[in-house]
Amino acid sequence: MIYPVISTKNPIFLTGSKIPRNQERCSKLSSFQSRSIFRSFHHQNPGIKPKTQFLNPVIGTNLGEVSVRKGKKKKESLWQQGVQEMLGLCGLGYWVQGFRCFPWLALNFHMAYNLNLNPSTLQLVQNSGNLPMVAKPLFGILSDALYIGGAHRIPYICIGVLLQVLSWGQLALFPVAGQALPALMACVLLSNTGAAVTEVAKDALITEYGQKHRITGLQSYAFMALAAGGILGNLLGGYFLVRLPPRMMFLIFSVLLSIQLLVSLSASEECLGLARSLGPVPTGQSVSENIRKQLSDLMIAISEDSIFRPLTWIVASIAMVPILSGSIFCYQTQCLHLNPSVIGMSRVIGQLILLSLTVLYNHYWKQIPMRKLIGVVQILYASSLLLDLALVREINLSIGIPNEVFALCFSGLAETLAQFKILPFSVLLATLCPRGCEGSLTSFLASALCLSSIFSGFWGVGLAAMLGIRSNDYSNLPVGILIQFLAALLPLGWIHHVPMSQPVEKKRKKGMSKRNRKTRRIGRVVVGSVFAYRRERESDAQK
């Protein structure tokens, strides 16, 4: 009776993913011996089928490699699907966020011409409407702590978009809402509340996704989508404002928001590779305890010098500059009689510049020391404020440049540089953000920036009132512009709060584990209960 060489009790496995050279030789020898024994047995006993199935040790290895390859391909396909869904969801969201200038341009002209608001009241309405943006930290903490349907980012995006649809749809379908100032303010506040919730959830989503998959610089692509939406919004806004009433522009934006709502409802955080919770909170704690914990983690993160110092600088650099946007807007439309299409095209050029600056920063300017880059941008921002002085003093006419051309090229430059200055700080804080605080920290940054801009706008309203700038008197507007210029240079005195460079994440070096090194060094093959070691194989091979 011939006994089988290979035991059939256990399947054949290799302890390492790669077969050592001696082990491969042994595998070939064992497979050859198995086939020869099988042929001899079958030749001697042609009518008897062997009960033992002779296996090739390499088959187990090939099956394992195939399964590993299939697993890798499956993971790669899922990752690519998640990336596409991420780009579609957040790309559309930031594009729509930039496109908000389309209905706001119509709303500004509606308040200036149909409601006959003076410049100070117009600017007061604009800045008061941004008050819901100050509540972004609350929305961020809720987004981090409270899960809705097992997710904590996409549901908040849907809620924010729904609130915007209700507000702009009401302005479009009910003319009474746009005629009375209190009703108009209620719609503006509702719209900005929805925009605040949506922006918080999107910022937290790209921060969490970037940290999860070790992708840096997603904020740059968000700025690109934002600028692209602003370009098209201002371009179409100036065109449609001459041909359509503001209500139709509100309706067009409502339809666009409805499309974003449908896309957001069809998205899933599981496809993005983010954690999913089965309950309202990710842990076994209550909602109040988890919110309290998120608030404590936020305070600890903000108290770090690496976060607190640059955050203080960017907030102070915005808050201390009085903004005279309402006065300059009314001066351009009432005194210079600029066409709405010219103002819209000037903002288009500004958004094109912002898009170009974002691309340059993402590809080349990241290597520049951050303090040096921010210092140059701040100086350029202060200098761009003097361009409005040249327009008011008619310096452009003295050198042969018409008002339309000058406003078209330089009117939105200061606002563009002010937006671009935020990008390096957003990338910095997204890199330093602790795990679990993505929504609360990014929303705190956005809220602090919004609060500083609101303070800057109120400071500009007070300065205009103090200088006596009115609809029929712009004689002191140059003095206000000079005060703006000097205030914009003051933050350079404490620019040492800005770090020299961006922090770089250290990549982990992939090395073999101790077990793999031991397996590769010994290189043994398990065949049932038989263990063949290297020395025995080498001696057999020499024979």
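This one's a predicted model, so the numbers in the text were calculated from it and none came from an experiment. (Residues numbered from 1 in each chain as written. Predicted model: local features only at pLDDT ≥ 70, side-chain atom pairs only at ≥ 80, totals over all residues. Heavy atoms only, no water.)

### Quick notes on the side chain of Asn 108
Let me state the cut-off plainly: For the purposes of this entry, the term helix denotes a DSSP run of H or I that reaches at least four residues, the term strand denotes a run of E that reaches at least two, and both are numbered from the N terminus. Whether two residues touch is decided by their heavy atoms; if any such pair falls within 4.5 Å, the residues are in contact.
Within the secondary structure, Asn 108 is located in helix H3 (residues 101–114). If near-sequence neighbours (up to four positions away) are discounted, Asn 108 is found in contact with Leu 122, Gln 126 and Phe 329.

### Topic: the nonpolar core
We apply this condition: Among the buried residues, those of types Ala, Val, Leu, Ile, Met, Phe, Trp, Tyr and Cys that are joined through side-chain atoms within 4.5 Å form a nonpolar core. Only protein chains enter the accessibility calculation, which uses a 1.4 Å probe; a residue whose area is less than 20% of its type maximum is buried, one above 50% is exposed, and one in between is partly exposed.
Ranked by size, the top nonpolar core spans 77 residues in total, and within it Leu 107, Met 111, Trp 168 and Leu 477 carry the most contacts. Per-element tally for this core: the top contributor is helix H8 (residues 181–212), with twelve residues. When residues no more than four places from it in sequence are discounted, the contact partners of Leu 477 are Leu 324, Ser 327, Tyr 331, Val 392 and Ile 469. Residues Leu 311, Trp 313, Ile 314 and Ile 495 belong to the second largest nonpolar core, which totals 20 residues.

### Here's the deal with the UniProt feature "transmembrane region" (unreviewed entry) in the chain
Operational definition: UniProt positions are given in the numbering used here, feature names are shortened, and annotations may be inferred rather than shown by experiment.
Feature annotation in UniProt assigns "transmembrane region" (unreviewed entry) to the following positions: residues 221–242, 311–329, 341–361, 444–469 and 481–500. What you have in residues 311–329 is 74% helix and 0% strand, and the ends, taken at the C-alpha atoms, are 30 Å apart. Along residues 481–500 the backbone is 45% helical and 0% strand, and the end-to-end C-alpha distance reaches 31 Å.

### A word on empty space enclosed by the protein
Our working definition: Of the grid points, spaced at 1 Å and generated over the protein atoms alone, those admitting a 1.4 Å probe that cannot get out make up cavities, while open sets with protein on both sides within 12 Å along at least five of seven lines make up pockets; any residue with an atom within 4 Å of a point is treated as lining. Grid points are joined across faces, edges and corners, and a volume is the space filled by probe spheres set on the points. Each residue is assigned to one class: nonpolar for Ala, Val, Leu, Ile, Met, Phe, Trp, Tyr, Cys and Pro, charged for Asp, Glu, Lys and Arg, and polar for all the others, Gly among them.
Taken as a whole and assessed by the stated rule, the structure comprises two cavities of 30 Å³ or more. There is about 60 Å³ of room inside the second largest cavity. If you go around the second largest cavity, the residues you meet are Gly 93, Val 96, Gln 97, Arg 100, Gln 164, Ala 195, Thr 198, Glu 199, Lys 202 and Gln 260. Across the lining of the second largest cavity, the residue classes tally to two nonpolar, five polar and three charged.

### Brief notes about the packing of aromatic side chains
Convention followed: Ring pairs are drawn from Phe, Tyr and Trp, using the six-membered ring of Trp, whenever the two centres fall within 6.5 Å, and their geometry is named by plane angle: stacked under 30 degrees, edge-to-face over 60, tilted for the rest.
All told, the structure shown has 14 aromatic pairs when counted by the stated rule. Measuring from centroid to centroid gives 5.0 Å for Phe 99 and Phe 102, while their planes differ by 20°, and the two rings are stacked. In this pair, the class of Phe 99 matches that of Phe 102, namely buried. Their ring planes at 20° and their centres at 6.3 Å tell us that Phe 99 and Phe 253 sit as a pair that is stacked. A residue pair is termed long-range when its members are at least 10 positions apart, and Phe 99 in the loop between helix H2 (57–98) and H3 and Phe 253 in helix H10 (residues 246–266) qualify at 154 residues. Given the relative accessible area of 0%, Phe 253 is considered buried. Taken together, the ring pairs in this structure connect Trp 95, Phe 99, Phe 102, Trp 104, Trp 168, Tyr 239, Phe 240, Phe 250 and Phe 253 into an aromatic cluster.

### Considerations on the confidence of the model for the chain
As a reminder of what qualifies: The pLDDT value tells you how sure the predictor is about a given residue, anywhere from 0 up to 100.
With 74% of its residues at a pLDDT of 70 or more, the chain shows a mean pLDDT of 75. Low pLDDT (under 50) marks residues 48–61, which in the prediction has 21 contacts with non-local residues, meaning those over four places away or in another chain. Note that pLDDT drops below 50 for residues 505–539; the model gives that stretch 41 contacts with residues more than four away or on any other chain.

### Observations regarding the packing of H8 against helix H9 (residues 218–243)
Here is the rule we go by: Fitted lines through C-alpha atoms give the axes, limited to the stretch in contact for helices. The angle between two N-to-C directions lies from 0 to 180 degrees. Crossings are sorted by hand: turned counterclockwise from the far helix by less than a right angle, the near helix makes the crossing left-handed, and turned clockwise it makes it right-handed.
At a minimum axis separation of 10 Å, H8 and H9 run at an interaxial angle of 145°. Our pair here, H8 against H9, has a crossing hand that is right-handed. Together, Ile 206, Thr 207, Tyr 209 and Gly 210 of H8 and Leu 218, Gln 219 and Ala 222 of H9 make up the contact between the two elements. Split into classes, the residues belonging to the contact of H8 with H9 amount to four nonpolar, three polar and no charged.

### Notes on the pattern of salt bridges
Two side chains with opposite charge may pair up if their charged atoms get near one another. The condition that has to hold: The salt bridge definition used is simple: a Lys or Arg side-chain nitrogen within 4 Å of an Asp or Glu carboxyl oxygen.
Applying the stated criterion across every chain yields a total of three salt bridges. Glu 199 is the salt-bridge partner of Arg 100, the closest N and O atoms lying 3.9 Å from each other. Residue Arg 100 is located in the loop between H2 and H3, and its partner Glu 199 is located in helix H8; the two are separated by 99 residues in the primary sequence. Given the relative accessible area of 9%, Glu 199 is considered buried. The partner of Lys 136 in a salt bridge is Glu 199, with the nearest N and O atoms 2.6 Å apart. Linking Lys 136 in helix H5 (residues 136–145) with Glu 199 in helix H8, this pair joins segments that are 63 residues apart in sequence.

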